[in-house]
Amino acid sequence: MESKVKSGKEILDDFFKNIENIPDVDKDIAKMLADLYTQGKLTDTNVKNELPKLRKIDEN
């Protein structure tokens, strides 16, 4: 049996591809994180900038 060890990037790709399916994870936050990751813009600053936008959408 051949076992393949995933690279760190493959593990992260799989994680962010399925993050919305993790139980009890807020779908909007999961989508925002996955989108930032896909765009190569997943930084603490970008997350801090995006969270208030989600709050405003939630308030409406």
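The paragraphs below set out a description of the structure included in this document. Keep in mind that what you see is a predicted model, and the values were worked out from it rather than measured. (Residues numbered from 1 in each chain as written. Predicted model: local features only at pLDDT ≥ 70, side-chain atom pairs only at ≥ 80, totals over all residues. Heavy atoms only, no water.)

**Focus on the packing of aromatic side chains**
Line of reasoning, step 1. In total, this model carries 2 aromatic pairs according to the counting rule given.
Line of reasoning, step 2. Residues Phe15 and Phe16 carry aromatic rings whose centres are separated by 5.1 Å and whose planes lie at 80 degrees to one another, so their mutual orientation is edge-to-face.
Line of reasoning, step 3. For the pair Phe16 and Tyr37, a centre-to-centre distance of 4.4 Å together with 15 degrees between the ring planes defines the contact as stacked. Placement of the pair is Phe16 in helix α1 (residues 8–18) and Tyr37 in helix α2 (residues 27–38), with a sequence separation of 21 residues.
Line of reasoning, step 4. Relative accessible area serves as the criterion here: at 12%, Phe16 is assigned to the buried category. (Phe/Tyr/Trp six-rings, centres within 6.5 Å; stacked < 30°, edge-to-face > 60°. Helix = DSSP H or I, 4+ residues; strand = E, 2+ residues; numbered from the N terminus. Buried < 20%, exposed > 50% of the residue type's maximum accessible area, 1.4 Å probe, protein only.)

**Concerning the pattern of salt bridges**
Line of reasoning, step 1. Scanning the entire structure with this criterion turns up 5 salt bridges.
Line of reasoning, step 2. Residues Lys9 and Asp13 are paired through a salt bridge, measuring 3.0 Å at the closest nitrogen-oxygen approach. A residue pair is termed a helical-turn pair when its members lie 3 or 4 positions apart in one helix, as Lys9 and Asp13 do in helix α1 at 4 residues.
Line of reasoning, step 3. Here Glu50 ties to Lys53 by a salt bridge, and the two come within 3.1 Å at their closest N and O atoms. (Salt bridge = Lys/Arg side-chain N within 4 Å of Asp/Glu carboxyl O.)

**A short note on the packing of α1 against α2**
How two helices sit against one another is set out by the angle between their axes and by the gap between those axes.
Line of reasoning, step 1. At a minimum axis separation of 10 Å, α1 and α2 run at an interaxial angle of 145 degrees. Judged by the sense of rotation from one axis to the other, the crossing of α1 with α2 is left-handed. When α1 is examined against α2, the residues Lys9, Leu12, Asp13 and Phe16 are found in contact with a partner set consisting of Leu33, Ala34 and Tyr37.
Line of reasoning, step 2. Of the residues assigned to the contact of α1 with α2, the class counts are 5 nonpolar, no polar and 2 charged. (Axes fitted to C-alpha atoms, helices over the stretch in contact; angles between N-to-C directions. Left-handed = near helix turned anticlockwise from the far one by under 90°. Contact = heavy atoms within 4.5 Å. Nonpolar A, V, L, I, M, F, W, Y, C, P; charged D, E, K, R; others polar.)

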